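Summary of structural features
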Amino acid sequence: MSVVDELARAGGTALYLQRNYDVLRRVVADSLRRRGLLLEPLREAVSRHSWVRKLLWRALPREEGVGLHGAFLYVPPGLRIQAPLTFCFVVSEAEQLVHNIVVVDEGSEVLMTSACASTERGEAHKGYTEVYLRRGARLNYVMIHSWMRETRVTAKTGVEVGEGGSFTQFYTCLKSPSTLTSDSRALLERRATALLSTLYVASPGSSTTISSTLILAGEGSRGEVLARAVAVRGAALRLPTRIEARAPGSRGHIECRGLQLSPDSRIETAPILCSLHGGSQLTHEAAIGKISEEELYYLMSRGFTEEEATSLLVRGFLETGIKGLPKVMRPQVEAVLSILARKAVG
Amino acid sequence: MALLELRNLHVAVAGRRVVKGINLEIERGELHILMGPNGSGKSTLLKAIMGIPGYTVVEGEIMFEGRDMRDLKPHERARMGIAMAYQSTRPIGVTLSRLIRELCRLYGTSPADVSGLGLEELLNRELHKGFSGGESKRVELALTILQRPKLALLDEPDSGVDLESIRVVGKAINRLVERGAAVLLVTHTGIVAEYLRRVDEAHVMIDGRIVASGELPHLLREVRAKGYSGLAGGGANERS
Ligand SMILES: Nc1ncnc2c1ncn2[C@@H]1O[C@H](COP(=O)(O)OP(=O)(O)OP(=O)(O)O)[C@@H](O)[C@H]1O
Ligand SMILES: [Mg+2]
């Protein structure tokens, strides 16, 4: 654990670690605390700051039965934090229901990562995260999760991106569970931008739905949904994506690609573009395919076995989905992609 | 024992016999040039040596270091020391830098081995995607070099390459030979040969057969004087 303290001291970061319903670690670098950064259990935050209550279930539809068990992060105006603030949630028994609220105030720029995981005895994880970016705030959110097969996972993220703000989200699972539903939606105000990116390898026999929605509510807002999904033996993957333009000058693009490594896998993409205003521009590209034999033989003729060649191509496929990833996160995400590519053929 | 020995080799593609009885021996470290009109079967021959599926040996043998290659997969042949620079390429879904890294790992080579080939700008791009003709040629040659082959099959590395870059290609081939590789080089013009330190033998292939073998300058003169059709009778074989 001292590593964490050192990290916090050196990199000016923060860490929040919760197992089941217990907060095990909560570290905030002094320099950040002095400048007004708050990292608290949500329950405490709601009782301490009256304005926080107003944010509950504003960016997400209310879920009954979800308590205030999660984290609250407030980043005051004018901060630039380039080392990641990290959230870890671990479920090791029964169910874990988590509700998080993140507020980044005007003009601040933050890198946030979440590392969620389960053990065999963790039956379900349901995570609800609401993100509020005020005017000009920028948040890069990198989610690297790792689930046991047994755990049923639901992850919902609702984001409001204030005027001129920017939100990017990268979602990937080192180990994917047999059942996963993820739903990310972002609402963009004037000249705000958002990128929702998913890099996913569905495990054998799993059933997965990953939805992404962007609402271009403000004039000149721009958003992109990127997905790269790989399905192996018996996996079924659904990727519903939607961009809705409600304001003039808004632009949106969906790029959704699926790769099937096995004839008995299933991938379904459902890109929906919906324009409620004549002055917007929406496009989408979706493709599902298998590894081409030509590419495979080319790599084999350079000395790679069929598995190695397949793994290289899977990695190459996933890699096309990481544009826009913050530089500091690159090594970590690249390492994840290597593992995913190896496992996809193993 | 020759490094590569083709014995009465016949290769069929898409149900059609394209290579029709080739006999050829290449010793370690030798450089052979193969010429011939479009569609005569040069690329097919190279792909059959590499073991690319679909290029089926229907008669005869490919012997490499005395071993029959018949049942070996392309990656097994590659690891035994055969490497190929393709004539034409399609995009491969891997970045050039990653492929270079993996090849270096596999063959114990270093990116510095191909430093002179001007690859810097291409490293982060998907292999051959949107590459210019000349760029693809340089990249193919570089990847072949990184495999540190005993036998390099170079399929028109100079075609579509500007005059100055042909010199670069020639130098890269020289470097391959210096490191002990034997080379089977397919070329149409012979210009690249002006930059090569040594050419051991040249062959002319017409309609799936080698109709003439000998010294390159002599064969080039013959081709210029009589055209390929004039050689088809097989009269120019110096050694026969
Ligand atoms: N994959 C294939 N499918 C069908 N036909 C093929 C295939 N590959 C080669 N061929 C045919 O085999 C013949 C020889 O082709 P090959 O590419 O070996 O010629 P080449 O001597 O290399 O010609 P060039 O100088 O134009 O490169 C041609 O008629 C070609 O159309
Ligand atoms: Mg050819």
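Since the structure is predicted, the reported quantities are computational estimates derived from the model, not experimental observations.

**Quick look at the overall build of chain A**
- On a plain count of helices and strands, chain A comes out with seven helices and 19 strands.
- Taken along its principal axes, the extent of the C-alpha atoms in chain A is 60 × 55 × 40 Å.
- Across the 346 residues that make up chain A, the buried fraction comes to 58%.
- Considering only contacts within chain A whose residues lie at least 6 apart along the sequence, 81% involve residues at least 24 apart.
- Working note: accessible area of chain A is about 14100 Å², and carbon and sulfur atoms make up 48% of it.
- Taking the average location of the 43 positive side-chain charges in chain A and that of its 36 negative ones, the two points are 4 Å from each other.

**Here's the deal with the packing of aromatic side chains**
Residues and elements named next belong to chain A.
- Tallied over the full model, the rule gives six aromatic pairs over all chains.
- For the ring pair Tyr16 and Phe89, a centre distance of 6.0 Å and an interplane angle of 45 degrees mean the geometry is tilted. A residue pair is termed long-range when its members are at least 10 positions apart, and Tyr16 in strand 1 (residues 14-19) and Phe89 in strand 5 (residues 80-91) qualify at 73 residues. Like Phe89, Tyr16 is buried.
- Aromatic side chains Trp51 and Phe72 sit 5.9 Å apart centroid to centroid with 65 degrees between the ring planes, which places their arrangement in the edge-to-face category. Within this pair, whereas Trp51 is found in helix 4 (residues 50-53), its partner Phe72 is found in strand 4 (residues 71-75), the two being separated by 21 residues in sequence.
- In this structure Phe72 comes out as buried when scored by relative accessible area, which is 0%.
- In textbook terms, an aromatic cluster arises when at least three aromatic residues are bridged by ring pairs, as seen for Tyr16, Phe87 and Phe89.

**Some remarks on the layout of surface pockets**
Residue and element names in this part refer to chain A.
- What the largest pocket holds in volume is close to 660 Å³.
- Elements with a minimum of two residues in the lining of the largest pocket: strand 11 (166-175), strand 13 (193-202), helix 5 (293-301), helix 6 (306-319) and helix 7 (330-345).
- If one sorts the elements of the lining of the largest pocket by residue count, helix 7 sits on top with four residues.
- Tallied by class, residues from the lining of the largest pocket come to 15 nonpolar, six polar and eight charged.
- Estimates place the volume of the second largest pocket at around 470 Å³.

**Topic: the side chain of Ser221 of chain A**
- Here Ser221 of chain A lies in the loop between strand 14 (207-216) and strand 15 (222-231).
- The contact partners of Ser221 of chain A, leaving out residues within four places of it in the chain, are Leu188, Glu189, Arg191, Ala192, Leu216, Gly249, Ser250 and Arg251 of chain A.

**A look at the coordination of the magnesium ion (ligand 2)**
- Distances from the magnesium ion (ligand 2) to its protein donors, Ser43 of chain B (OG) and Gln87 of chain B (OE1), fall within 2.0 Å. Of this pair, Ser43 of chain B sits in helix 1 (residues 42-50) while Gln87 of chain B sits in the loop between strand 6 (82-85) and strand 7 (92-95); the two residues are 44 residues apart in sequence, bridging distant segments of the chain.

**Comments concerning the sheet that holds strand 18 (residues 266-275) of chain A**
Residue and element names in this part refer to chain A.
- The mixed open sheet is built from nine strands, whose spatial order is 3-4-6-8-10-12-14-16-18. Because the sheet does not close on itself, it has two edges, and the strands there are strand 3 (38-41) and strand 18. Geometrically, the sheet is characterised by an average inter-axis angle of 5 degrees between neighbouring strands, direction not taken into account.
- Both strand 16 (residues 236-245) and strand 18 contribute to a ladder of ten bridges, which runs parallel. Its bridge partner lying in strand 18, Arg238 is registered against Glu268.

**Focus: the interface of chain A and chain B**
- Tallying the contact residues gives 20 residues for chain A and 30 residues for chain B.
- Across the chain A to chain B interface the summed buried area is about 2000 Å²; carbon plus sulfur atoms make up 60%.
- Summed over the three residues of chain A that lose the most area to chain B, namely Tyr298, Ser301 and Arg302 of chain A, the buried surface amounts to 34% of that side.
- Between Arg79 of chain B and Glu308 of chain A there is a salt bridge; the shortest N-O distance is 2.7 Å.
- Applying the counting rule to chain A against chain B returns eleven residue pairs in polar contact (both at pLDDT 80 or more).
- Within the residue set of the side of chain A that touches chain B, elements represented by two or more residues are helix 5 and helix 6 of chain A.
- Considered class by class, the residues forming the side of chain A that touches chain B number eight nonpolar, five polar and seven charged.

**Things to note about empty space enclosed by the protein**
All names here are of chain A.
- Following the criterion strictly, the structure yields two cavities of 30 Å³ or more and no others.
- Estimated volume of the largest cavity: approximately 150 Å³.
- Listed by contribution, the elements that provide at least two residues to the lining of the largest cavity are strand 5, strand 6 (94-104), strand 7 (109-118), strand 8 (122-133), strand 9 (138-146) and strand 10 (152-161).
- A class-by-class count of the residues in the lining of the largest cavity yields ten nonpolar, seven polar and one charged.
- Space inside the second largest cavity adds up to approximately 30 Å³.
- Those elements that place two or more of their residues in the lining of the second largest cavity are strand 10 and strand 12 (179-188).
- Looking at which element gives the most residues to the lining of the second largest cavity, the answer is strand 12, with three residues.
- Broken down by class, the residue content of the lining of the second largest cavity amounts to three nonpolar, three polar and one charged.

**Thoughts on the pattern of salt bridges**
- A complete count under the given rule lists 38 salt bridges over all chains for this structure.
- A salt bridge links Glu140 of chain B to Arg302 of chain A, with the nearest nitrogen and oxygen atoms 2.7 Å apart. Placement of the pair is Glu140 of chain B in helix 4 (residues 133-146) and Arg302 of chain A in the loop between helix 5 and helix 6, with the two residues belonging to separate chains.
- With relative accessibility at 1%, the residue Glu140 of chain B sits in the buried group.
- A relative accessible area of 0% places Arg302 of chain A in the buried class.

**Some words on the side chain of Thr241 of chain A**
Residues and elements named next belong to chain A.
- Along the chain, Thr241 turns up in strand 16.
- What makes Thr241 buried here is its relative accessible area of 3%.
- Excluding residues within four positions of it along the chain, Thr241 makes contact with Ser212, Val225, Ile254, Ala270, Pro271 and Ile272.

**Quick word on the sheet that holds strand 4 (residues 55-64) of chain B**
All names here are of chain B.
- Taken in spatial order, the four strands make up an open sheet running 2-1-4-5, and their pairing is antiparallel. What marks the edges here is a single partner per strand, and that holds for strand 2 (16-26) and strand 5 (67-68).
- Across eight bridges, strand 1 (residues 4-13) lies against strand 2 in antiparallel orientation. Pairing of Leu9 across the sheet is with Ile22, part of strand 2.

**Some words on the site of ligand 1**
Residues and elements named next belong to chain B.
- In the neighbourhood of ligand 1, 16 residues make up the surrounding shell, with Gly39, Lys42, Ser43, Thr44 and Gln87 lying closest.
- Here a nitrogen atom of ligand 1 and a side-chain polar atom of Tyr55 are 3.2 Å apart.
- With respect to ligand 1, the side chain of His188 contributes an N or O atom lying 3.1 Å from an oxygen atom.
- Considering ligand 1 on its own, with 630 Å² of exposed area, one finds that the protein chains cover 66% of that surface.
- If you tally residues by element for the shell around ligand 1, the top one is helix 1, at three residues.
- Residues belonging to the shell around ligand 1 are distributed by class as follows: five nonpolar, eight polar and three charged.

What counts, and at which threshold
Residues numbered from 1 in each chain as written. Chains lettered and ligands numbered in written order. Predicted model: local features only at pLDDT ≥ 70, side-chain atom pairs only at ≥ 80, totals over all residues. Heavy atoms only, no water. Helix = DSSP H or I, 4+ residues; strand = E, 2+ residues; numbered from the N terminus. Buried < 20%, exposed > 50% of the residue type's maximum accessible area, 1.4 Å probe, protein only. Contact = heavy atoms within 4.5 Å. Areas by Shrake-Rupley, 256 points an atom, 1.4 Å probe, with all protein chains shown as cover. Lys, Arg positive; Asp, Glu negative; His and termini not counted. Charge placed at Lys NZ, Arg CZ, Asp CG, Glu CD. Phe/Tyr/Trp six-rings, centres within 6.5 Å; stacked < 30°, edge-to-face > 60°. 1 Å grid on protein atoms, 1.4 Å probe; cavity = no way out; pocket = protein on both sides within 12 Å on 5 of 7 lines; lining within 4 Å. Points joined across faces, edges and corners; volume = space filled by probe spheres on them. Nonpolar A, V, L, I, M, F, W, Y, C, P; charged D, E, K, R; others polar. Donors = N, O, S within 2.8 Å, 3.2 Å for Na, K, Ca; no water. Pairing = 2+ DSSP bridges. Axes fitted to C-alpha atoms, helices over the stretch in contact; angles between N-to-C directions. Buried area = accessible area lost by both parts, 1.4 Å probe. Salt bridge = Lys/Arg side-chain N within 4 Å of Asp/Glu carboxyl O. Polar contact = N/O pair within 3.5 Å; in protein donor to acceptor, adjacent residues only side chain to side chain. Near = heavy atom within 4 Å.

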